[in-house]
Structure formats: C-alpha cells, structure tokens
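Next come the chains, spelled out residue by residue.
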Amino acid sequence: LMLALARTVLVGLRGRLGALCWGLAPPSLSLSHWRGVSATAPAAPATPRREPDSDETPTPTSVNYHFTRQCNYKCGFCFHTAKTSFVLPLDEAKRGLEMLKEAGMEKINFSGGEPFLQDRGEFLGKLVQFCKQELKLPSVSIVSNGSLIRERWFKKYGEYLDILAISCDSFDEDVNVLIGRGQGKKNHVENLHKLRQWCREYAVAFKINSVINRFNLEEDMNEQIKALNPVRWKVFQCLLIEGENSGEDALREAEKFVISDEEFEQFLNRHKDVSCLIPESNQKMKDSYLILDEYMRFLNCQNGRKEPSKSILDVGVEEAIKFSGFDERMFLKRGGKYVWSKADMKLDW
C-alpha cells in the first residue's frame, strides 16, 4: 500500500516538474531537443492557434494513443498518415500512460498507423499488459487492420485486452483493393473471420470499424455483420483532415472518397436493423476524440487540421489537454462512454 502511495505521489510530482521545466526552458527549444527523444521530431507550436474555450479542464476518460504512424496498408482516406516513423521508447510511453491514469483515464485505445507493426506486436503487447496489469485500467482496446495479428499474440497478451477493433470497409475484396486495404494474395475478409474466432477463444470482445466512402456507399453489409456479431459496429463518415488526407502537404488525396451527409444517412438507413450499429458523422467525430500522437501530444482538429499541443511528458496532462480542442459534451452525446470492460460484458465466450 505504501509503495502504491509513493508511486502516486511521484507521478504527480513528475508531471508538475515537467511543466515547471518547460516554463524555464529557452523559447527556441523544441520537444526533440528538450527531451532528446528524436532528432527529427517536429516541435510543438509555441502558441497554439486555438485557446481553450473555458477554464474547465476536460478529464481524459478515454484516450486514443496513436503511438505509430507507420502502416502496411495504403487506405486512400487515411487521416493519420505516415508523416514520421518515430515511436517513443517503451519506458517513456509507459510513463505517459501512468500520468494519464493519474489524470483520470479509464480507457486506452491503441491505434496507428498499424499498431502491430512495431516489433511484431511485442511493443503493443507490453503496453497492453502494463495498462491492464499495472495501471489496472477498466478498458484496454486496439484498432488494427488485422493483417499482422497472429494467434501467439492472443496466447501471450489476450487476457489483458478488452476489445479488439478490426477495420473492414467492405466485404467485397475488389472494393478493399480499390480503397487500399489489399495486401497481395491475402484476403482481408477471410482474415476477419479468423480473428473473430480467436477473439471468442481468448475472451476478447470483437468490434468492427467501417469508413463509409464513395466506393462502399451502395454496399449492403447486413448479412455479414450479423453473422460476425461484433459487440459494436462503428460506422464512420469519410472525413477530410488538412495536412493528412487533404491539401498540399498531405500524403493522401481523400477528396474522391468523400460522401455527403445525405448519402451517409442513406447507408445508415439501409442498416438500421443491425443492433450493434454505432454511427458517427463528421460532426460527431471531429472534436469528440482525445487523440494522442506519437510524441504524446494532444491533436486539436477544431480548425480542420491536427494541431499539436506540447507533450504531456514535458508539461503534464492538465496543461496539454487545455489545447486539445476536446468536446467532452459531444463525447458523451455520441455514446463515447459505454460498457467497455470485458468483465462487465455479458458475452458467450
């Protein structure tokens, strides 16, 4: 008990010390020079364009940590692209996650890029185990394209994972290839069914994420989704983010994938009888996610770009989150908080 208390005090002091050190640092020092983590790390802006809307600091109840931007797929609408190859050292990532837990985090979602790329999934596995075993978070989840997941990973780390979300935008393999989710002779849909079975065997809740776009808009997915029976089917409207999948400095040109609000509603109406359907329009999605990038900076999307805060490792969670642009009310309105621990789910494993 005394050890746990001492750790809590230490983490709190560390965050405050980081904020103090940042304030004392010369203005010319960037994140990369100050922390020495990467010679190529882009500096956080000295003064974010968007000031906090109020004095009330949001709680990081649910955090999406995109610890890598690298991916083995080339989805044309991707809005978190491979602009860097940087990944924090494991100990630094754990330190940041511990700070987030102390600030109120209950759910962590690991994403990318493709999170299973780093060290063949071992880096991700160690983070998942740390969050569940050491931090005792109620919910630990992953979003992956599923192509690199092996059964041995489930055997080693499955007990620490609450939810595995697999991205699947079409049940027509030709459409997946058009979107950029094809990988040689591997069949994305066949792999989806294999992963579904492993989730059953290793007691991990199975979820599906689909981005609705110009190429899959007319598809009827009712039968396939009902057969797979995920705990949640997240259906996103294709979203443009300047500098990521739109604009001169972007790595993707997603304009050809974009659909209107009316077209998105038509797709939703076609699938209204799927009980696990969770729709997310552009309006709901844009500011209702707390996104942490590979440097553990919150990304503010209010201006249609991803504008980074300073790193929580340097200034602490409370200071960094002020510039996240996070809309806590929309997070709750879209159902961002739900039964997310597999211990509380009534599932037939």
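One can find the structure itself at the top, above this paragraph.
It should be emphasised that the depicted structure is a prediction, and the values quoted were computed from it without experimental measurement.

**Some thoughts on a positive patch on the surface**
Phase 1: A grouping of Arg120, Arg150, Arg152, Lys186 and Lys194 is seen on the molecular surface, where their side chains present a positively charged patch.
Phase 2: Mapped onto the secondary structure, arginine 152 falls in helix α5 (residues 151-157).
Phase 3: Since its relative accessible area comes to 59%, arginine 152 is described here as exposed.

**Examining the side chain of asparagine 216**
Phase 1: Summarising the element assignment, asparagine 216 is placed in the loop between β5 (205-212) and α8 (222-228).
Phase 2: Exposure remark for asparagine 216: the relative accessible area of 0% places this residue in the buried category.
Phase 3: Residues contacting asparagine 216, with those up to four places away along its chain left out, are Asp169, Val175, Val211, Met221 and Phe267.

**Re the nonpolar core**
Phase 1: Formed by 70 residues in total, the largest nonpolar core has its most connected members in Tyr65, Leu97, Ile108, Phe110 and Trp233.
Phase 2: Element by element, the count of residues in this core is highest for helix α4 (residues 122-134), at 6 residues.
Phase 3: Residues in contact with tryptophan 233, not counting those within four places in the same chain, are Ile208, Ser210, Met221, Ile225, Phe267, His271, Val274, Cys276, Leu277 and Ile278.
Phase 4: With 13 residues, the next largest nonpolar core counts Val175, Ile179, Phe236 and Tyr289 among its residues.

**Some words on the state of the cysteines**
Phase 1: Taken as a whole and judged by the stated rule, the model has 0 disulfides.
Phase 2: Just so you know, cysteine 75 is unpaired, no disulfide at all, and the nearest cysteine sulfur is the one on cysteine 71, 6.3 Å from it.
Phase 3: Assessed through its relative accessible area of 9%, cysteine 75 is described here as buried.

**So, the pairing of strand β2 (residues 107-111)**
Phase 1: In terms of residue burial, β2 counts as a mostly covered element, since 5 of its 5 residues are buried.
Phase 2: Judged by which residues are buried, β2 turns out to be covered on both faces: Lys107, Asn109 and Ser111 on one side and Ile108 and Phe110 on the other are all buried.
Phase 3: Crossover strand β1 (residues 62-66) to β2 through helix α3 (residues 90-102) is right-handed.
Phase 4: Where β2 and strand β3 (residues 139-144) come together, 4 bridges link them in parallel fashion.

Cut-offs and rules
Residues numbered from 1 in each chain as written. Predicted model: local features only at pLDDT ≥ 70, side-chain atom pairs only at ≥ 80, totals over all residues. Heavy atoms only, no water. Patch = residues over 30% accessible without salt bridge, like charges linked within 9 Å, V, L, I, M, F, W, Y side chains within 5 Å. Areas by Shrake-Rupley, 256 points an atom, 1.4 Å probe, with all protein chains shown as cover. Salt bridge = Lys/Arg side-chain N within 4 Å of Asp/Glu carboxyl O. Lys, Arg positive; Asp, Glu negative; His and termini not counted. Charge placed at Lys NZ, Arg CZ, Asp CG, Glu CD. Helix = DSSP H or I, 4+ residues; strand = E, 2+ residues; numbered from the N terminus. Buried < 20%, exposed > 50% of the residue type's maximum accessible area, 1.4 Å probe, protein only. Contact = heavy atoms within 4.5 Å. Core = buried A, V, L, I, M, F, W, Y, C linked by side-chain atoms within 4.5 Å. Disulfide = S-S within 2.5 Å. Right-handed = clockwise from strand over helix to strand, strands pointing away. Pairing = 2+ DSSP bridges.

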